[in-house]
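# Descriptive analysis of the structure
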Amino acid sequence: MSVPYQTAYEPPESPDPASPEEHLERLLSRALNSFDLPDEAIRSLERSLAYDSSLHSAHHSAGLHRETYRHTWLLADGQVLTLWELAHNTGPGSAVQYELYLDEEEAGVATARLPLPPDTPAGEAPVVLHPIPANEPRHTYVPDDSADHARRLLRRAENPAGADHPDDDMARLLRSAFAHQITQAFGRTGLSGETRLGFSLYEHAFLLFDGSEVSLWEVEHTATADGRHMCEVYTTEHAARAAMARRARAYPAIRAR
């Protein structure tokens, strides 16, 4: 009988997500090496607009485990800053210990020092991140009225037409979509003065009748003059994240009008 994979810790669920500053305080308070992080980086994170986290990799073996988490903040100037958190129980008493690093390579060096074998033995929990076979779909799709979902997504997009905006050819292509999956790639609510500012990024992946896959990237945000929700849709993740950065940079001027 297989045992469900368990990470080193599970963040507590809350109906009201913590602010980016509260997430930062939680990480710093438990990290053994938080004093090694540059003061400039901490000051930048204290003024962040949004926060997201994900499990980057993991390893379980003979009662020992370690996980590496990627914590990402959207800064007030539109830049993105990432901290890499290493959680493991290889210390005295097998208590879970936490370490924070500003660089992924530094986190990798710290991971290499842990008394863990390089590979997960057979029968143990596998490494979480797996390469995706080239001959298999990248997503787990749900057959649905996907063509109509694509039409409604494009219709509510408010960003102007341009190189990264889905054009008429894309709209025609998506008429042959018969299944889709929606995945949240980024999203937290932050506070800017007395205004609640939110950024969310979603991937809408579509499976077409010919077996090909197409993704649209939806940005939802409240970086508007009246705080209303706005939807923008882009053809690439890079363009969508660049749009989030532009909106974050422009937000202080918009609010000042």
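Our subject is the structure listed above.
## Let's talk about unusual backbone geometry
- We note that Ser 94 has phi near 60°; this positive angle belongs to a residue other than glycine.
- Position of Ser 94 among the secondary structure elements: in the loop between strand S3 (80-88) and strand S4 (97-101).

## With respect to the pairing of S4
- Taken across its five residues, S4 has four buried, putting it largely inside the fold.
- As paired strands, S3 and S4 are joined by five bridges and run antiparallel to one another. By the bridge assignment for S4, Glu 85 is matched with Leu 100.

## Looking at the nonpolar core
- Among the nonpolar cores identified, the biggest contains 17 residues, and Phe 186, Phe 199 and Leu 201 are the most heavily contacted of them.
- Looking at this core, the elements with two or more residues in it are strand S7 (195-208), strand S8 (213-221) and helix H6 (237-256).
- In terms of residue count, the dominant contributor to this core is H6 (six residues).
- Contacts of Phe 186, omitting those with residues within four sequence positions, involve Ala 50, Tyr 51, Asp 52, Thr 72, Leu 74, Phe 199, Ser 200, Leu 201, Arg 241 and Met 244.

## Digging into the side chain of Glu 99
- By secondary structure assignment, the location of Glu 99 is in strand S4.
- Of the side chains bearing the opposite charge, Arg 113 lies closest to the buried Glu 99, which forms no salt bridge; the N-O distance is 4.9 Å.
- A distance of 3.0 Å separates a polar atom in the side chain of Glu 99 from a polar atom in the side chain of His 88.
- Leaving out residues up to four positions away in the same chain, Glu 99 has contacts with Asn 33, Trp 84, Glu 85, Leu 86, His 88 and Ala 110.

## Let's talk about helix H3 (residues 104-112)
- By the burial criterion, the buried members of H3 are Ala 107, Ala 110 and Thr 111. Along the axis of H3, the buried residues cluster in a sector spanning 100°; they form a single face. In this structure, H3 carries Glu 105 and Ala 112 as exposed residues pointing more than 90 degrees from its buried face.
- Summarising the contacts, the buried residues of H3 are in contact with strand S2 (64-74), S3 and S4.
- Looking at where H3 begins, the residue whose side-chain oxygen comes 2.7 Å from the main-chain nitrogen of Glu 105 is Asp 103.

Reading the values: rules and limits
Residues numbered from 1 in each chain as written. Predicted model: local features only at pLDDT ≥ 70, side-chain atom pairs only at ≥ 80, totals over all residues. Heavy atoms only, no water. Helix = DSSP H or I, 4+ residues; strand = E, 2+ residues; numbered from the N terminus. Buried < 20%, exposed > 50% of the residue type's maximum accessible area, 1.4 Å probe, protein only. Pairing = 2+ DSSP bridges. Core = buried A, V, L, I, M, F, W, Y, C linked by side-chain atoms within 4.5 Å. Contact = heavy atoms within 4.5 Å. Lys, Arg positive; Asp, Glu negative; His and termini not counted. Salt bridge = Lys/Arg side-chain N within 4 Å of Asp/Glu carboxyl O. Polar contact = N/O pair within 3.5 Å; in protein donor to acceptor, adjacent residues only side chain to side chain. Arc of directions from axis to C-beta.

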